[in-house]
Amino acid sequence: MVDSKLGSTEERMAQLESRLAHVEDQLALYQSVSAYGPAVDSLQSQMAAELWTEDGVYDIGDPQFDAEGREAIQALFDADYHRELVASGCAHMMTLPHIKIVGNRALGLGYHRLFTADKEGYQLLRLSVSRWEWTRTAEGWKTTRRVHRLLNDDDAGRLLL
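Residues numbered from 1 in each chain as written. Predicted model: local features only at pLDDT ≥ 70, side-chain atom pairs only at ≥ 80, totals over all residues. Heavy atoms only, no water.

A. How the structure looks around the pairing of strand β7 (residues 105-118). Relative to β7, strand β5 (residues 90-94) runs antiparallel, the two being bridged by 5 bridges. Residue H92 lies in a different strand from β7, and its bridge partner there is L114. Taken together, the 5 bridges between strand β6 (residues 98-102) and β7 define a ladder with antiparallel strand orientation. Bridging from a neighbouring strand, H98 pairs with L109 of β7. Counting the residues in the hairpin turn of β6 and β7 gives 2 residues, including G103, whose phi is positive at 60 degrees. By the bridge criterion, 14 bridges tie β7 to strand β8 (residues 121-137) in an arrangement that is antiparallel. When the bridges of β8 are listed, R113 appears paired with L127. (Pairing = 2+ DSSP bridges. Helix = DSSP H or I, 4+ residues; strand = E, 2+ residues; numbered from the N terminus.)

If you want it as structure tokens, here you go:
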């Protein structure tokens, strides 16, 4: 059956399959971002590090904390300062990123808020911009690079946007 406005059944099915694959990719990327906070806040450092490729980069913007490679990224989450932050009460909260997918690569841009507990409740410790870069691997979408910049008076965060 052919409808000149819609194309053949085969063409329509191919378009539908392509659109569905794109939606599935977007959902997988949203799942990746949403897994980050609960993983780091529950000290599941291996789970958090596995969001990256083996040679992935976490560019925090501070040479003391920047990490290259999954093992180095996991070490960030296992470090004493991070464990102390979690023990005192914290929540890493990501916003839903704007995502652009092109073939087997994707880019996401969103905000990251870090709340910490004190005697008055929870306070915003940091507000930053996160730029996620992903690649499709045999294991699914993995982060190749995450750039994280504070939104403050140095303009680095705004420039990342």
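B. Structural view of the nonpolar core. Formed by 22 residues in total, the largest nonpolar core has its most connected members in L29, Y36, W52, Y58, I73, F77 and W134. Sorting the residues of this core by element identifies α1 (9-41), α2 (45-49), β3 (52-59), α3 (70-78), β6 and β8 as the ones contributing at least two each. Looking at which element gives the most residues to this core, the answer is α1, with 5 residues. (Core = buried A, V, L, I, M, F, W, Y, C linked by side-chain atoms within 4.5 Å. Buried < 20%, exposed > 50% of the residue type's maximum accessible area, 1.4 Å probe, protein only.)

C. Region of the structure containing the packing of aromatic side chains. Counted according to the given criterion, the structure contains 10 aromatic pairs. For the pair Y36 and W52, a centre-to-centre distance of 6.4 Å together with 70 degrees between the ring planes defines the contact as edge-to-face. Here Y36, found in helix α1, pairs with W52, found in strand β3; they are 16 residues apart in sequence, far enough to count as distant. Assigned by exposure class, Y36 and W52 land together as buried. The residue whose ring lies beneath R146 is Y36, and the NZ or CZ to ring-centre distance is 4.7 Å. (Phe/Tyr/Trp six-rings, centres within 6.5 Å; stacked < 30°, edge-to-face > 60°. Lys NZ or Arg CZ within 6 Å of the ring centre and 35° of its normal.)

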